[in-house]
Amino acid sequence: MPSIVAALILLSALQTNADSLEARLAPCLACHGADGQSIIPNVPSLGGQPDFYLTIQLLMFREKLRVVEPMNQMMEGLKDDDLRSMAAYLAKLPPPKPVDGPVDPARIERARVVVEQHRCNFCHNQNYSGEQNVPRLAGQREDYLAKALREYKNNTRRGYDASMADVLYLISDEQIVDLAYFLTRIR
């Protein structure tokens, strides 16, 4: 929470006419991590995300099609070119590294069954790196993945279309937890 407060303070100081792209991104990176690797619970890592996906997400925040108040405030007044520049910068940051440590093979196998049944790797790629308007899932924060999947399932998070809600409709919360565990450990 302190990082969010710091980001909002930086935002008010910088405004949208900041001198450089780095200055405009400072409030973003205060929460999402200086290198695009979030250390704050339920805040996604942005490094390695496809730039088109990031551009659309920033646009959705600006237009309040996705409501996450700090993000909506930070995108106010930004032009499309600003959003594209920000997304391109963030996409070039390194992708998150998978979680290290022991792995529970039973959880991994349960997640693989769900992935196979619902063809998650069709849109998100075999290595879950994402592409175009589909986000990178590999190495993402486990808590954030579970939160996002639950939000798609209960329709509190908008996608470009209803495909994520449709896919998640039949997936249980236990399966969501296993999927998040699996995806954060993808090597």
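Everything below is about the structure printed above this text.
These numbers were taken from a predicted model, which means no experiment stands behind them.

Caption draft 1: Layout of the side chain of Ser45. Mapped onto the secondary structure, Ser45 falls in the loop between helix H2 (21-32) and helix H3 (51-62). There is a polar contact of 3.0 Å between the side chain of Ser45 and the backbone nitrogen of Ser38. Excluding its chain neighbours within four sequence positions, the residues that come into contact with Ser45 are Gly36, Gln37, Ser38, Pro96, Gln140 and Arg141.

Caption draft 2: Quick peek at the environment of Ser172. Along the chain, Ser172 falls in the loop between helix H9 (163-168) and helix H10 (173-183). Placed 19 residues apart in sequence, Ser172 and Lys153 show a C-alpha to C-alpha distance of 9.5 Å. Looking at Ser172, its side chain comes within polar contact range of the side chain of Glu174, at 3.3 Å.

Caption draft 3: Examining the side chain of Arg185 more closely. Among the secondary structure elements, Arg185 is positioned in the segment after H10. Owing to a relative accessible area of 16%, Arg185 belongs among the buried residues under this scheme. Once you skip the residues sitting within four places of it in the chain, Arg185 turns out to touch Pro98, Val99, Val103 and Glu142.

Caption draft 4: Structural context of the nonpolar core. The biggest cluster of nonpolar side chains holds 21 residues, and the ones touching the most others in it are Tyr128, Leu179, Phe182 and Leu183. Taken together, the elements giving at least two residues each to this core come down to helix H6 (105-118), helix H8 (142-153) and H10. Looking at which element gives the most residues to this core, the answer is H10, with six residues. Apart from the residues lying within four places of it in its own chain, the contact partners of Leu183 are Tyr128, Leu137, Ala138, Gly139 and Leu145. Listed in part, the 17 residues of the second largest apolar core include Leu29, Met75, Leu83 and Leu90.

Caption draft 5: Representation of H8. Between its terminal C-alpha atoms H8 stretches 17 Å, which fits the 16 Å expected from twelve residues at 1.5 Å a residue. Residues of H8 that are buried include every one of Tyr144, Leu145, Ala146, Ala148, Leu149 and Tyr152, and no others. Lining the buried residues of H8 we find H9 and H10. After H8 finishes, the residue Asn155 shows a positive phi value of roughly 65°.

Caption draft 6: Quick look at the pattern of salt bridges. Under the counting rule described, the total for this entry stands at twelve salt bridges. Lys64 is the salt-bridge partner of Glu76, the closest N and O atoms lying 3.9 Å from each other. Of this pair, Glu76 sits in the loop between helix H4 (69-75) and helix H5 (80-91) while Lys64 sits in the loop between H3 and H4, and the two are twelve residues apart along the sequence. Glu76 sits in the partly exposed class, given a relative accessible area of 43%. Within the structure, one salt-bridge network assembled from shared partners comprises Arg62, Glu63 and Asp80.

About the cut-offs
- Residues numbered from 1 in each chain as written.
- Predicted model: local features only at pLDDT ≥ 70, side-chain atom pairs only at ≥ 80, totals over all residues.
- Heavy atoms only, no water.
- Helix = DSSP H or I, 4+ residues; strand = E, 2+ residues; numbered from the N terminus.
- Polar contact = N/O pair within 3.5 Å; in protein donor to acceptor, adjacent residues only side chain to side chain.
- Contact = heavy atoms within 4.5 Å.
- Buried < 20%, exposed > 50% of the residue type's maximum accessible area, 1.4 Å probe, protein only.
- Core = buried A, V, L, I, M, F, W, Y, C linked by side-chain atoms within 4.5 Å.
- Expected span 1.5 Å × (residues − 1).
- Salt bridge = Lys/Arg side-chain N within 4 Å of Asp/Glu carboxyl O.

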